[in-house]
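Spelled out from the first residue to the last, the chains are:
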Amino acid sequence: MLSRPLPGRLASTLALTLCVAAPLYAAPDAASTAAPTASSTASALPPIERFFINPVLAGAKLSPSARYLAAVSSAPGRRDILVVIDLQANSAKPVAGYKDADILDFEWVNDGRLLFNVTDRQVAPGGAYMAAGLYAVDKDGANLRQLANRRGNAIESTGTLIASKVLPWHTFMMDERGAQDSAFVYVQSVEYEEDSYEIRTVNLLKLNTLTGATQSVQRPARVTGWMLDHKGEPRLASGSDKGMTTIWYRDPATGAWRVLSTFDTYKGGKDAFEPLGFGSDGTLYAVAHGGKDTTSVFTVDTATGKLGAEPLVVTPGYDFSGSLVSSGDKLLGIRLRTDAVTTVWLDAPMQAVQQKLDEALPGTINLMSFPSGNHAEWALVRSYSDKTPPFYHLYNVRTGKLNLVGQAYPGIDPARMGRQDAVRYKARDGMEIPALLTLPANGAKNAPLVVLVHGGPYVHGNHWGWDPETQFLASRGYAVLEPDFRGSTGYGDKHFRAGWKQWGLKMQDDIADGARWAVAQGYADPKRICIAGASYGGYATLMGLVNDPDLYKCGVSWVGVTDINLLYDGHWSFTSDMTAQWKQYGMPDLIGDQVKDAAQLKATSPIQQAARIKAPLLLAYGGVDRRVPMFHGRKFLDAVKPNNTQVEWLEYQDEGHGWSLPANRVDFWGRVEKFLDRNIGSGAK
């Protein structure tokens, strides 16, 4: 996917830490090669805080030569700092940190320098909506330089900052790591529409991280996304106008741009593709349908924009979802996800390395990433399973030695988590619906069931692996069903298009049919079923209580849509983050036209149908939500309360479209726990 700098990205959490409890070059033992566990008593429930902290380790990155490992270190009572480990000397050094801000994200510029930005993890989005800024520092903490302004309050550095002219706040890191062989990086400078955070165009700048000097890259037109090639140079650009997407290619010899493809942004077409990346010979790989129901990986002729005659990677029954695995300009493999994630190795020796790794770390998915300049010796391994949160090892691919780097959720005991399985069931019209089913650790039959509905809705909702919300519910004795109802992506064009204009209709039936399937299989107690979800999942919760009052005993809806017309018409006290193009060219076909489908939108409006909801209901909204503003919730609350005395209301004034602060997550899920206990749990009448 071409890199797209969106404002919502600024609130992302990449809290990292590094565990250096043992020498990094020690021989592997049981403690370093097995999935980590936490001690706990058998009787006490796992504390809620352990599920909803910011992960203490969400990633780490090897330097180009693999001599150094960088991570963001978290610890109670202090801000997150950037740490660099010298793997030869086995020593750690803090290289950047602030008294009033946290390191957000970083990337290696070269083997001796890093680029990073910052955030404030103690303030929800409403407290300070600000850009992340841009900084660079040497691996030993020297030559700290601010490169781009941070929107919001200035921060006080704990190191010596080199003063210089800086770029404006709307300058962002790219999602790609680049060449990592000089002092230069590419960054994106965003131009917004007047009085709006809707992107007009994105400029690409070549930035010297030592001096702060920049050079602009010529763009072919208004551009909203860029992609670098295998050498770290700008090669693709994309933009959308009047519902049509154009992809341009930059000729390596002349630097001139030419159009590769143009297609409908929302409906696709025979010439539609999504760039995946470049191989070591400059081959462009992309994801496309190629005339089939599901997407696959193709090569693209950069002279004509045409797809190769045959796909290179096919995932039967699934749309391809994944990425290229590279080291420098060498393409090693392709990572893909079906029910779970795996890697197809194009480099034969790496297949043997993977097999040896999996033997050393049984029971988990083990994903290797490599430094840009050296994949012959070291890999960083991210491991996880349905019961085990992510943990990281440094892996010597020559010797097979493993050294534990750290864990994302060190307080979680995998033995007390629930088993998760990918399942399929038939909807009432015969369509097959994929889902995830998570049972409590004891695998109880006829358990109380929470049907957890994903947002979007046009996304791939299910991802096998440890999830804090799902496993928290399972730890409290609930079975959890997560359906990928029609309209969800990832299962082919037919499954996706079957959900168009089906909000509150067949999409809703798919969810209810899943609950009834779970009952028929003996997993769920038919008298103890609750429906829950956020955003579209919140909408589906409300419509579930409207359409199937005999099925659902209660509902939990947070940041939920309560009327489709409100998505069009607004009532924001600030600018919506939904684009005008989406409202004009996407929503009428995928969700419903305000004029042509007026009767349907009324019949499927939770606000219009609120009098029919009698079941206990928990509602929660964020005060600065730019996707589904609190007006949705308040208007629905006014409509439902006259006929329902069992409605609970929560407001998190500084939160947006979801809960960013751990304290708010703990508060919300603690209230959900009590609500479920009263209605379908041990405290239910």
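First, a word on scope: everything that follows refers to the structure included in this document. (Residues numbered from 1 in each chain as written. Predicted model: local features only at pLDDT ≥ 70, side-chain atom pairs only at ≥ 80, totals over all residues. Heavy atoms only, no water.)

Moving on, we get to the overall build of the protein. Secondary structure assignment for the protein yields twelve helices and 35 strands. The long-range fraction of contacts in the protein, counting pairs at least 24 apart against all pairs at least 6 apart in sequence, stands at 60%. (Helix = DSSP H or I, 4+ residues; strand = E, 2+ residues; numbered from the N terminus. Contact = heavy atoms within 4.5 Å.)

Bringing the environment of P629 into the picture now. Inspection of the secondary structure puts P629 in the loop between β34 (617-622) and α11 (630-640). Separated by 27 residues in the primary sequence, P629 and G656 place their C-alpha atoms 8.5 Å from one another.

Take the environment of G290 next. For G290, the location among the structural elements is in the loop between β19 (284-288) and β20 (296-300). Under the relative-accessibility criterion, G290 is labelled partly exposed at 39%. (Buried < 20%, exposed > 50% of the residue type's maximum accessible area, 1.4 Å probe, protein only.)

Now for the packing of aromatic side chains. According to the stated counting rule, one finds 30 aromatic pairs in the structure shown. Ring plane angle 45° and centroid distance 6.5 Å describe the contact between Y384 and W464, whose orientation is recorded as tilted. With a gap of 80 residues between them, Y384 in strand β25 (residues 378-384) and W464 in the loop between β30 (447-453) and α4 (468-475) connect regions that are remote in the sequence. Given the relative accessible area of 21%, W464 is considered partly exposed. Between F668 and W669, the ring centres sit 5.3 Å apart and the planes meet at 85°, which makes this aromatic pair edge-to-face. Classification of W669 as buried rests on a relative accessible area of 3%. Among the aromatic residues, those joined into a ring-pair cluster are F51, F52, Y409, W466, F472, W558, Y652, W659, F668 and W669. Over the ring of F106 we find K61, and its NZ or CZ is 4.9 Å from the ring centre. (Phe/Tyr/Trp six-rings, centres within 6.5 Å; stacked < 30°, edge-to-face > 60°. Lys NZ or Arg CZ within 6 Å of the ring centre and 35° of its normal.)

With that settled, consider the pattern of salt bridges. A pair can form between side chains of opposite charge whenever their charged atoms are brought close. By the definition in use, this model includes 31 salt bridges. A salt bridge links K267 to D589, with the nearest nitrogen and oxygen atoms 3.0 Å apart. You can see K267 sitting in the loop between β17 (257-264) and β18 (274-278) and its partner D589 sitting in helix α9 (residues 580-590), a full 322 residues away along the chain. Judged by its relative accessible area of 38%, K267 is partly exposed. With relative accessibility at 28%, the residue D589 sits in the partly exposed group. In this structure, D513 and R428 form a salt bridge, with 2.8 Å as the shortest nitrogen-oxygen distance. Of this pair, D513 sits in helix α6 (residues 506-520) while R428 sits in the loop between β28 (420-426) and β29 (432-438); the two residues are 85 residues apart in sequence, bridging distant segments of the chain. Within the structure, one salt-bridge network assembled from shared partners comprises E191, E193, R200 and R222. (Salt bridge = Lys/Arg side-chain N within 4 Å of Asp/Glu carboxyl O.)

With that settled, the discussion passes to unusual backbone geometry. For the peptide bond that leads from G456 to P457, omega is -5°, which places it in the cis range. Counting through the fold element by element, P457 comes out in the loop between β30 and α4. The phi dihedral of K501 falls on the positive side, at around 60°, and the residue is not glycine. In this fold, K501 is placed in the loop between α5 (493-497) and α6.

On to the nonpolar core, then. For soluble globular proteins, the rule of thumb is that nonpolar side chains tend to be buried together. L449, W503, Y552 and F636 are the most contacted members of the largest nonpolar core, which totals 61 residues. Apart from the residues within four sequence positions on either side, W503 is in contact with P457, Y458, Y536, Y539, V561, I564, L567, I591 and T604. Ranked by size, the runner-up nonpolar core spans 33 residues in total, among them I48, F52, F668 and L676. (Core = buried A, V, L, I, M, F, W, Y, C linked by side-chain atoms within 4.5 Å.)

The next thing to look at is the sheet that holds strand β13 (residues 214-217). With antiparallel pairing, four strands are arranged side by side in an open sheet as β10-β11-β12-β13. Only two strands of the sheet have a single neighbouring strand rather than two, namely β10 (171-173) and β13. Direction aside, neighbouring strands of the sheet carry axes that sit 40° apart on average. (Pairing = 2+ DSSP bridges. Axes fitted to C-alpha atoms, helices over the stretch in contact; angles between N-to-C directions.)

Our next topic: α11. Those residues of α11 lying buried are M630, H632, G633, F636, L637 and V640. Looking down the long axis of α11, one finds its buried residues gathered within 150° of arc, a one-sided arrangement. Taken together, the buried residues of α11 touch α7 (536-547), α8 (564-569), β34 and β35 (647-652). (Arc of directions from axis to C-beta.)

What follows deals with the side chain of N110. Here N110 is to be found in strand β5 (residues 102-110). Accessibility expressed as a relative area gives 17% for N110, which makes it buried. Looking at N110, its side chain comes within polar contact range of the main-chain nitrogen of G112, at 2.8 Å. Polar contacts involving the side chain of N110 include one to the main-chain carbonyl oxygen of S182, which spans 2.8 Å. Once residues within four sequence positions are removed from consideration, N110 is found in contact with P64, Q180, D181, S182 and A183. (Polar contact = N/O pair within 3.5 Å; in protein donor to acceptor, adjacent residues only side chain to side chain.)

A few words on the sheet that holds strand β4 (residues 91-96). Within the open sheet, the four strands sit side by side as β1-β2-β3-β4. Their pairing is antiparallel. Only two strands of the sheet have a single partner each, and these edge strands are β1 (61-62) and β4.

Further remarks concern helix α3 (residues 348-360). Every buried residue of α3 is listed here: M350, V353, Q354 and L357. Projected down its long axis, α3 shows its buried positions confined to an angular sector of 100°, all on one face. The outward face of α3, more than 90 degrees from its buried face, is lined by the exposed residues A348 and E359. Considering only its buried residues, α3 is in contact with β23 (341-345), β24 (365-369), β25, β26 (391-396) and β27 (402-407).

How two helices pack is summed up by the angle between their axes together with the distance between the axes. Contact geometry for α4 and helix α12 (residues 662-679): axes closest at 11 Å, N-to-C directions at 40°. Handedness of the α4/α12 crossing: right-handed. Residue-level inspection shows E469, F472 and L473 of α4 in contact with α12, the latter providing W669, E673 and L676. When the residues that make up the contact of α4 with α12 are grouped by side-chain class, the tally is four nonpolar, no polar and two charged. (Left-handed = near helix turned anticlockwise from the far one by under 90°. Nonpolar A, V, L, I, M, F, W, Y, C, P; charged D, E, K, R; others polar.)

Turning to the pairing of β19, a few remarks are in order. Counting buried positions over the five residues of β19 gives five, a clear majority of the element. Of the two faces of β19, the one carrying L284, A286 and A288 and the one carrying Y285 and V287 are both buried. The pairing of β18 with β19 spans four bridges and is antiparallel. If you follow P275 over to β19, its bridge partner there is A286. In this structure, the hairpin formed by β18 and β19 is closed by a connection of five residues, where G282 is found at a positive phi of approximately 90°. Alignment of β19 against β20, held across five bridges, turns out to be antiparallel. Pairing of A288 across the sheet is with S296, part of β20.

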